[in-house]
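Secondary and tertiary structure notes
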Amino acid sequence: MNKFNRIWGVLLPLLMAGCHADTAWDSMETHTGTTVRLLATETAGTQTGNDDAQLNDIRIYRFDGGTLKEVFGPMTPEKDGTCRLDLKTNDGVLMVLANASHVEGLENLTAGTTLEEFKKLWAVKEDMAAQGLLMSGQADLAGTTAGKLEVKLKRSVARIDIESTDKGVEVLQASISQLADRGYINEQTEIASPEQTEKRGV
């Protein structure tokens, strides 16, 4: 019986944790509970159910004054796409990444990393689709008083589906040119590719 008590002693904190996330840099400051609802839109016309909207792991970063202040995750959202954060303050902007567990460099982010540096993070195409489709989004915390936010997520990697809508017509072959082997994980203000990007056709 003692053996089972010890097992439950380990499991209960995990079961009760839910999607609650701790910051990477703890302090004695009073935290503010904020519920973030993540909205991932599926690609129109796909035949794969909700694959495009699947959220496997979430990482959220709070920037204020252009520098990184808090890190949350990786964590799993609730079924309705919500996560609860204990923010130190409601200042700055939240940057959200979904399905980014294979992206290199995220574990090396430290307090003081600039927002500009974060926006220039990139990944190869294989890592962008290794655990669901990589998505990103952001939300401004300014004026947030109700403790609730909604963040729209956009896919960081393109997906192409070819489907024939004409009866009896079958697509036998398709050629695509200028496919990049890597890309930025966050949305850019202009069309751009990371250095050393190679583009080829298939």
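These lines cover the structure that appears in this document, whether it is placed above or below. (Residues numbered from 1 in each chain as written. Predicted model: local features only at pLDDT ≥ 70, side-chain atom pairs only at ≥ 80, totals over all residues. Heavy atoms only, no water.)

Let us now look at the packing of aromatic side chains. In this structure the tally under the stated criterion is two aromatic pairs. Following the ring pairs from residue to residue traces out a cluster consisting of Tyr61, Phe63 and Phe118. The positively charged end of Lys120 is found above the aromatic ring belonging to Tyr184, 4.9 Å away from the centroid. (Phe/Tyr/Trp six-rings, centres within 6.5 Å; stacked < 30°, edge-to-face > 60°. Lys NZ or Arg CZ within 6 Å of the ring centre and 35° of its normal.)

Turning our eyes to something else, we now look at the side chain of Glu70. Within the secondary structure, Glu70 is located in strand E4 (residues 67-75). Here Arg62 takes part through its side chain, which lies 2.6 Å from a polar atom of the side chain of Glu70. At 3.2 Å, the side chain of Glu70 forms a polar contact with the backbone nitrogen of Lys88. (Helix = DSSP H or I, 4+ residues; strand = E, 2+ residues; numbered from the N terminus. Polar contact = N/O pair within 3.5 Å; in protein donor to acceptor, adjacent residues only side chain to side chain.)

Okay, the pattern of salt bridges next. Side-chain pairs of opposite charge can arise where the charged atoms are in close proximity. If you walk through the whole model with that rule in mind, you get eight salt bridges. Across the pair Arg59 and Asp57 runs a salt bridge whose closest N-O atoms are separated by 3.7 Å. Judged by its relative accessible area of 7%, Arg59 is buried. Overall, the relative accessible area of 7% leaves Asp57 in the buried class. Lys125 serves as the salt-bridge partner of Glu126, at 2.9 Å between the closest nitrogen and oxygen. The exposure class of Glu126 is partly exposed, given its relative accessible area of 48%. For Lys125, a relative accessible area of 41% gives the class partly exposed. Linked through salt bridges whose partners overlap, the residues forming this network are Asp57, Arg59 and Glu107. (Salt bridge = Lys/Arg side-chain N within 4 Å of Asp/Glu carboxyl O. Buried < 20%, exposed > 50% of the residue type's maximum accessible area, 1.4 Å probe, protein only.)

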